[in-house]
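Each chain is listed here by its residues.
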Amino acid sequence: MRARFAPVRDCFHDLLSAGRETGAGLAIWYDGRPVVDLVGGTRSTVGPAVGSEDAWRPDTLVNVYSVGKPVAALCLLLLVDRGRVELDAPVAAYWPEFRTPATVRQVLSHTAGLPAFPVPRPAEAVADWALLCADLAAAEPEWDPGSVAGEHAWTYGHLVGELVRRVDGRTLGRFLAEEIAGPWRLDLGFGLDAADQRRCADLSYGDPQWPERMLGEPGSLRARALGNPAGGLDLAVVNSPLWRGAQVPAVNLHATASGLARLYAGLLAGGTLDGVRLFGGDLVAEATRTQYDGPDLLLDRRTCWTLGTQREEDGSWGMGGIGGSSAWADPERGYVFAYATSRLADHDRVEELVEALHSCL
């Protein structure tokens, strides 16, 4: 790590030593090069000491929740870049059973009107891709597509992933592995095999009331969107082989911080990483351009959506995950930031790390 970024290292270590973080990875690229790559803490929730076989390692994977949404979007956008999908074509052109009159662009920008699975399903349904996609295909939208946004909290990955499968034939997890993660050497994926599951960190709550607080009022759009299928905020589910082996691309990407940072570094460079071009510069520009700027019915705040990421007023773009993981690129300052944590709590850890980073620039 470059000495210039010592304040970031110190902040990261302070979070661990104070007990505000139990295990995490942090990776930062600046001016096109990796400058910070840190790991610390433990990947187990049952109490082994740091330094044991359960210490957080550079190849430790963790569920980063919505940080995976842009990753899922990139799989579909790669098909757009190759001319196999049109952004303004109706979804039904590729998925004939799909009833909602939404376009591919509206799906990617969270304005399609399907932020929640319409049929209550148990936790086991996360492993039944066909069932959940059929539920979405038959659903009535909650608003006219394109009229307003509402983060498609759990549904985003199935909408995007089924489009990829209909056009390409491969599952989203396989497409990601073969077309993006492999060529760019990214340690991340959907639907882990047994070997990769053994590398996973267990999620834990920073506050026992955290799941209830995140779901909000029973019956609300947020509760319906985050609570169905059941178990997405239940540690017994999300730390299980069922969850880790399933593909729920909106919320169950398992990744290292360095893998996420490499992905955003390639995008910030216009679609080329280590000499491997995956995306054209025009596609990256369109994908990170504002598509919707206004109220978000699920987040209950103004949100600026691109084709997969959120865009901030300073021009940065990326995505945070419920619980604390986050990854984005800041073109103005020239850096990429990726944080992957197993402790589900408020996001102030990221804010402090970014403040330390900005003090170095």
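Residues numbered from 1 in each chain as written. Predicted model: local features only at pLDDT ≥ 70, side-chain atom pairs only at ≥ 80, totals over all residues. Heavy atoms only, no water.

Q: Tell me about the nonpolar core, and please be specific about residues and values.
A: Counting 105 residues, the largest nonpolar core has Leu-108, Ile-180 and Phe-279 as its most contacted members. A per-element tally of this core places helix H2 (residues 68-81) first, with 10 residues. Not counting residues up to four positions away in its chain, the partners in contact with Leu-108 are Ala-73, Leu-76, Leu-77, Leu-87, Tyr-156, Val-160, Thr-306, Leu-307 and Gly-308. (Core = buried A, V, L, I, M, F, W, Y, C linked by side-chain atoms within 4.5 Å. Buried < 20%, exposed > 50% of the residue type's maximum accessible area, 1.4 Å probe, protein only. Helix = DSSP H or I, 4+ residues; strand = E, 2+ residues; numbered from the N terminus. Contact = heavy atoms within 4.5 Å.)

Q: Please set out the pairing of strand E1 (residues 23-30) residue by residue, giving values where relevant.
A: With eight of its eight residues buried, E1 lies for the most part within the structure. The side-chain alternation of E1 yields two buried faces, one formed by Gly-23, Gly-25, Ala-27 and Trp-29 and the other by Ala-24, Leu-26, Ile-28 and Tyr-30. Adjacent in sequence and paired antiparallel, E1 and strand E2 (residues 33-41) are bridged by two residues, among which Asp-31 carries a positive phi angle near 55°. As defined by bridge partners, E1 adjoins strand E14 (residues 335-341) across seven bridges and the pair is classed as antiparallel. Paired with Ala-24 across the strands is Thr-341, a residue of E14. (Pairing = 2+ DSSP bridges.)

Q: If you had to explain helix H6 (residues 172-184) to someone new, which residues and values would you point to?
A: If you look at H6, its biggest bend is around 35°, right at Glu-178. The set of residues buried in H6 consists of Leu-172, Gly-173, Phe-175, Leu-176, Glu-179, Ile-180, Ala-181 and Trp-184. Residues of H6 that are buried sit in contact with H2, helix H5 (156-168), strand E4 (188-189), helix H12 (257-268), strand E7 (272-273) and strand E8 (276-277). Arg-185 sits one or two residues past H6 and shows a positive phi near 55°. (Bend = angle between axes of the 7 residues up to and from the residue.)

Q: Go over the pattern of salt bridges, please, and point to the residues and values.
A: Where side chains of opposite charge bring their charged atoms close, a pairing between them can arise. Tallied over the full model, the rule gives 31 salt bridges. When the shortest N-O distance is used, the salt bridge between Asp-54 and Arg-43 registers 3.5 Å. Pair noted here: Asp-54 is in the loop between E2 and strand E3 (62-63) and Arg-43 is in the loop between E2 and E3, with a separation of 11 residues, a long-range link. Each member of the pair, Asp-54 as well as Arg-43, is classed as buried. Across the pair Arg-302 and Asp-293 runs a salt bridge whose closest N-O atoms are separated by 2.8 Å. Each member of the salt-bridge network shares a partner with another, and the members are Arg-82, Arg-84, Asp-168, Arg-170, Arg-174, Glu-178 and Glu-179. (Salt bridge = Lys/Arg side-chain N within 4 Å of Asp/Glu carboxyl O.)

Q: How would you explain empty space enclosed by the protein if you had to name every residue and give the values?
A: In total, this model carries three cavities of 30 Å³ or more according to the counting rule given. Put simply, the largest cavity is a space of about 100 Å³. As for the largest cavity, its lining consists of 14 residues, of which Leu-74, Leu-77, Leu-267, Ala-287 and Thr-288 are closest to the centre. If you list the elements that add at least two residues to the lining of the largest cavity, you get H2 and helix H13 (281-287). Broken down by element, the lining of the largest cavity gets its largest block of residues, four residues, from H2. A breakdown of the residues in the lining of the largest cavity according to their chemical character gives 10 nonpolar, four polar and no charged. Lining the second largest cavity are 14 residues; nearest its centre among them are Gly-25, Val-39, Thr-256, Ala-257 and Ser-258. Classifying every residue of the lining of the second largest cavity gives eight nonpolar, four polar and two charged. (1 Å grid on protein atoms, 1.4 Å probe; cavity = no way out; pocket = protein on both sides within 12 Å on 5 of 7 lines; lining within 4 Å. Points joined across faces, edges and corners; volume = space filled by probe spheres on them. Nonpolar A, V, L, I, M, F, W, Y, C, P; charged D, E, K, R; others polar.)

Q: Tell me about the packing of helix H4 (residues 129-138) against H5, and please be specific about residues and values.
A: Two numbers describe how H4 lies on H5: the axes approach to 10 Å, and their chain directions differ by 105°. In terms of orientation, H4 and H5 fall into the roughly perpendicular class. Two secondary-structure elements touch here, H4 through Trp-129, Leu-132, Cys-133 and Leu-136 and H5 through Gly-157, His-158, Leu-159, Gly-161, Glu-162 and Arg-165. Looking at the contact of H4 with H5 residue by residue, the class counts come to five nonpolar, three polar and two charged. (Axes fitted to C-alpha atoms, helices over the stretch in contact; angles between N-to-C directions. Parallel < 35°, antiparallel > 145°, perpendicular 65-115°, else oblique.)

Q: How would you sum up the layout of surface pockets? Please name residues and give values.
A: Its volume calculated, the largest pocket comes out at about 890 Å³. Along its surface, the largest pocket is lined by 39 residues, and Arg-301, Gln-310, Gly-320, Ser-326 and His-347 are the ones closest to its centre. Classifying every residue of the lining of the largest pocket by side-chain character gives 17 nonpolar, 12 polar and 10 charged.

Q: I'd like a description of the sheet that holds E4, backed by residues and values.
A: Strand-to-strand pairing in sheets goes through backbone hydrogen bonds, with the strands running parallel or antiparallel. Read from one edge to the other, the open sheet built from three strands follows the order E3-E6-E4, with strand pairing classed as antiparallel. Lying at the two open borders of the sheet, with one neighbouring strand each, are E3 and E4. Two elements, E4 and strand E6 (residues 254-255), share two bridges in a ladder whose sense is antiparallel. Counted as the bridge partner of Leu-188 is Ala-255 from E6.

Q: Account for unusual backbone geometry, naming residues and giving values.
A: A cis geometry characterises the amide bond from Asn-228 onward to Pro-229, with omega recorded as -5°. Turning to its location among the elements, Pro-229 is positioned in the loop between helix H9 (221-226) and helix H10 (235-238).

Q: So what's going on with the side chain of Gln-197? Residues and values would help.
A: Along the polypeptide, Gln-197 turns up in helix H7 (residues 194-197). A relative accessible area of 17% places Gln-197 in the buried class. At 3.1 Å, the side chain of Gln-197 forms a polar contact with the backbone oxygen of Leu-192. In contact with Gln-197, other than residues within four places in its own chain, are Leu-192, Pro-241, Arg-244 and Gly-245. (Polar contact = N/O pair within 3.5 Å; in protein donor to acceptor, adjacent residues only side chain to side chain.)

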